[in-house]
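Take a look at the letters that make up each chain.
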Amino acid sequence: MSILRVLWIGLAVSMGLAMSATGLAALIAWWAAVAVGVVALMVPSALSLTCLRILSPAAVPAAVVALVGGATVGLGLLALVLAVVTTLIVFSGEAGEAMVQGAAYGDERRFPLRVPAAVLLPAALSWVVWAAATLTAATLLASRSWAAGALVALIAVVLTWLLVPRFHRLSRRWLVLVPAGVVLHDRFMLGETLMVQRTNVRLVQLALEGTEAADLTGPSAGHALEVAVGESVLVVFPSTREHPKGRAIHVRSFLVAPTRPGRALQAMSDTGVPVG
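Conventions we followed
- For every chain, the first residue of its written sequence is number 1, and the numbers climb from 1 along that sequence.
- Residue-level local features of this predicted model are given only where pLDDT is at least 70; pairs of side-chain atoms are given and counted only at 80 or more, and the full residue set underlies all totals for whole chains, interfaces and linings.
- Heavy atoms throughout the structure, all of them, feed into the side-chain values; hydrogens and water do not.
- Numbering of helices and strands runs from the N terminus; a helix is a DSSP stretch of H or I covering at least four residues, while a strand is a stretch of E covering at least two.
- Two strands qualify as a pair provided DSSP detects at least 2 bridges between them.
- Fitted lines through C-alpha atoms serve as axes, helices being fitted only where they are in contact, and the angles separating the N-to-C directions of these axes extend from 0 to 180 degrees.
- For patch detection, residues must exceed 30% relative accessible area and be free of salt bridges, and they are connected within 9 Å for like charges or within 5 Å for nonpolar side chains (Val, Leu, Ile, Met, Phe, Trp, Tyr).
- The Shrake-Rupley method, run with a 1.4 Å probe sphere, supplies the accessible areas, and residue values consider only the shown protein chains as cover.
- Whenever Lys or Arg places a side-chain nitrogen within 4 Å of a carboxyl oxygen from Asp or Glu, that contact is recorded as a salt bridge.
- Pairing of aromatic side chains here covers Phe, Tyr and the six-membered ring of Trp, requires ring centres within 6.5 Å, and sorts the geometry by plane angle: under 30 degrees stacked, over 60 edge-to-face, intermediate tilted.
- Here's how the labels work: a residue is buried when its accessible area is under 20% of the maximum for its type, exposed when over 50%, partly exposed in between, all with a 1.4 Å probe on protein chains only.
- Whether two residues are in contact is decided by their heavy atoms: any pair within 4.5 Å suffices.

(A) Local environment of unusual backbone geometry. Along the chain, glycine 218 connects to proline 219 via a cis peptide bond; the corresponding omega equals -5 degrees. Secondary-structure assignment places proline 219 in the loop between strand 6 (214-215) and strand 7 (225-237). Notably, arginine 144 is not glycine yet its phi reads approximately 65 degrees, a positive angle. Inspection of the secondary structure puts arginine 144 in the loop between helix 6 (117-142) and helix 7 (146-171).

Put into structure tokens, the structure is as follows:
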């Protein structure tokens, strides 16, 4: 987190200097985004992670706009490099874990889950539309195109209101290790939080190919963990068009996909959970 804070300060200053040539409106918008990022980094939480993962990538096209808008090549390239590096770190599993752990309750360890593959493209496209509207509004207002700028800004505000809660749902997905056992908190995949008593956990291991465990990962790419239990547990899925009241199944094993499965296994082993 300390590295991320240093990068954010460097990005804030370099981008602020680079955008000074693009107009007052764009500069105000940038420093407003910087303020949100500073608060997010000082008060880590799932909401802070959502804000950073929305704002950081937007700094990349913003740096390009600053370069085109008259910023010096040196400042523009510095801002662009810092924007790319900051974005990569913000989306890393380590940063995600540190942010969500900041708001953990008591003696619990949270491990963020990977985004389901089917959600990646829609989420990315939604963000691109939001970023395009936001940057276009700032550019139009900076060029004193007040009417067009106000209209696009209104569109950007509406998109922010619609998309932030959806992006935030992806940040609030985690596998939790607590003294009483293992908890899967994932309102995207589950209708109710899945809780497994420690005494009922038979084995947690990297999932093998061809496993018949219930897939609660989305599915998502990469390695998954298989949690096997002694007595079957109830898995409740959210409501859908086919199942408006949701549906439930009893399982003896299930798959989860933390962003860093090795760290999750190590933490479980350290606390006495059976690990294979």
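(B) Structural view of the sheet that holds strand 2 (residues 174-178). With antiparallel pairing, the four strands of this open sheet are ordered in space as 1-2-3-4. The open sheet terminates on both sides in strands that have one partner only, identified here as strand 1 (109-112) and strand 4 (194-197). Each adjacent strand pair in this sheet contributes to an overall mean axis angle of 15 degrees, direction not counted. Sheet topology note: the strand 1/strand 2 ladder contains four bridges and is antiparallel. The residue bridging arginine 109 from the neighbouring strand is leucine 177, located in strand 2.

(C) Representation of a nonpolar patch on the surface. On the surface, a cluster of nonpolar side chains totalling about 370 Å² of accessible area is made up of Val38, Val39, Met42 and Val43. Mapped onto the elements, methionine 42 comes out in helix 2 (residues 24-42).

(D) Summary view of the packing of aromatic side chains. Counted according to the given criterion, the structure contains two aromatic pairs. Relative to tryptophan 30, the ring of tryptophan 8 has its centre 6.5 Å away and its plane inclined at 35 degrees; by these criteria the two rings are tilted. Note that tryptophan 8 is positioned in helix 1 (residues 2-19) and tryptophan 30 in helix 2, a separation of 22 residues in sequence. On the numbers, 6.4 Å between centres and 45 degrees between planes, the contact of tryptophan 127 with tryptophan 130 is tilted. Of the two residues, tryptophan 127 and tryptophan 130 both sit in helix 6, three residues apart, roughly one turn of that helix. Judged on exposure class, the residue tryptophan 127 and its partner tryptophan 130 are both buried.

(E) Broad picture of the pairing of strand 2. Counting buried residues in strand 2 gives five out of five residues, a clear majority hidden from the surface. Where burial is concerned, the two faces of strand 2 agree: the one with Trp174, Val176 and Val178 and the one with Leu175 and Leu177 are both buried. What sits between strand 2 and strand 3 (residues 181-185) in their antiparallel hairpin is a turn of two residues.

(F) Inspection of the sheet that holds strand 6 at higher detail. Reading across from one edge, 5-7-8-6 is the order of the four strands in this open sheet, with mixed pairing throughout. Each having just a single partner strand, strand 5 (201-206) and strand 6 make up the two edges of the open sheet. Sheet analysis places strand 7 next to strand 8 (residues 247-256), joined by nine bridges and oriented antiparallel. Note on strand 8: the bridge partner recorded for valine 227 is phenylalanine 254. Against the sheet, helix 8 (residues 261-270) engages strand 5 and strand 7, with an angle of about 150 degrees to strand 5.

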